[in-house]
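# Commentary on secondary and tertiary structure
The residues making up each chain are set out below.
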Amino acid sequence: MKLRLSYSILSCWAMGDYDGTIMRLRGEWPEPTKPMLMGRDADERWTNEVNVTGRMPVDFGGAKFSGETKTQLKRAFWINDWIQVVGVLDLKEPEIGRDWKFGATSATQYANGYQHKVYHVLYPEMKMFAYHAFNPYVPRDEAVTSAYI
């Protein structure tokens, strides 16, 4: 038996949702909620914007990148012969990994978690990780938070 673990599966386990974890390990993911679908749409829009403009999404300031970037970069790492860790990074610059979030949770709250630690296993060349969160439920001038680790 081989296990393919992602941050989503690991966080489900960490929250104590063991049935949900087993379901996901079998490839059976729950139906997405409306907020999840909104987040997917935003992620797709931001990815397309970066690929077309060569800049951060306007929602996150629109800064020009100084080096090569890759979006939706998937990487897998075998820890041993039966456990694989896999993840898709929203945006990778040569030494910076970036993850976009959509919803009411601030970037600081994500930075207090461990997703970036999972990505560090997958991308050891990264010197910094950044969360960029967009909250659609507050006024536009309060919608964006960023946290760097």
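Residues numbered from 1 in each chain as written. Predicted model: local features only at pLDDT ≥ 70, side-chain atom pairs only at ≥ 80, totals over all residues. Heavy atoms only, no water.

### Regarding the environment of Thr145
As a reminder, the rule being used: Labels follow the DSSP assignment, with helices taken as runs of H or I lasting at least four residues and strands as runs of E lasting at least two, numbered in each case from the N terminus. We call two residues in contact whenever any of their non-hydrogen atoms come within 4.5 Å of each other. We call two N or O atoms a polar contact when they sit within 3.5 Å, provided that within protein one can donate a hydrogen and the other can accept it, with sequence-adjacent residues counted only if both atoms are side-chain atoms.
Counting through the fold element by element, Thr145 comes out in strand β6 (residues 144-148). It is 5.5 Å that separates the C-alpha atoms of Thr145 and Ala107, two residues lying 38 residues apart in sequence. Excluding residues that lie within four positions of it along the chain, Thr145 makes contacts with Ser106, Ala107, Tyr131, His132 and Ala133. Separated by 2.9 Å, the side chain of Thr145 and the backbone nitrogen of Ala107 make a polar contact.

### Looking at the layout of surface pockets
Heads up, the rule is: Here a cavity denotes grid points, spaced 1 Å and computed from the protein atoms alone, that fit a 1.4 Å probe unable to get out, and a pocket denotes an open set having protein on both sides within 12 Å along at least 5 of 7 lines; residues with an atom within 4 Å of a point are the lining. Grid points are joined across faces, edges and corners, and a volume is the space filled by probe spheres set on the points. Under the scheme applied, nonpolar residues are Ala, Val, Leu, Ile, Met, Phe, Trp, Tyr, Cys and Pro; charged residues are Asp, Glu, Lys and Arg; polar residues are all the others, including Gly.
If you add up the space inside the largest pocket, you get close to 1300 Å³. Looking at the lining of the largest pocket, the elements that each hand over two or more residues are β1 (3-5), α1 (7-14), α3 (34-53), β2 (70-78), β3 (83-92), β4 (96-102) and α5 (115-122). For the lining of the largest pocket, the leading source of residues is α3, giving 6 residues. Among the residues making up the lining of the largest pocket, the classes are represented as 18 nonpolar, 9 polar and 8 charged.

### A closer look at the confidence of the model for the protein
Here is the rule we go by: Think of pLDDT as the predictor's per-residue confidence, scored from 0 to 100.
On average, residues of the protein score 95 in pLDDT, and 100% of them are at 70 or above. Of all the helices and strands in the protein, α5 carries the lowest mean pLDDT, 93, while strand β5 (residues 128-134) carries the highest, 97.

### Focus on the packing of aromatic side chains
Quick reminder of the rule: Here a pair means two rings of Phe, Tyr or Trp (six-membered ring of Trp) with centres within 6.5 Å. Their orientation is stacked below 30 degrees between planes, edge-to-face above 60, and tilted elsewhere. For each residue, the accessible area found with a 1.4 Å probe, counting protein chains only, is set against the maximum for its type, and the residue is called buried under 20%, exposed over 50%, and partly exposed in between.
Within the structure shown, the criterion is met by 11 aromatic pairs. Judged by centre distance (6.0 Å) and plane angle (65°), the ring pair of Trp46 and Trp100 falls under edge-to-face. With Trp46 in helix α3 and Trp100 in strand β4, this pair connects stretches of sequence that are 54 residues apart. Residue class for Trp100 comes out buried when judged on its relative accessible area of 5%.

### Observations regarding unusual backbone geometry
Unlike most non-glycine residues, Gln72 shows phi in positive territory, near 50°. Residue placement: Gln72 occurs in strand β2. You can call Gln72 partly exposed: its relative accessible area is 30%.

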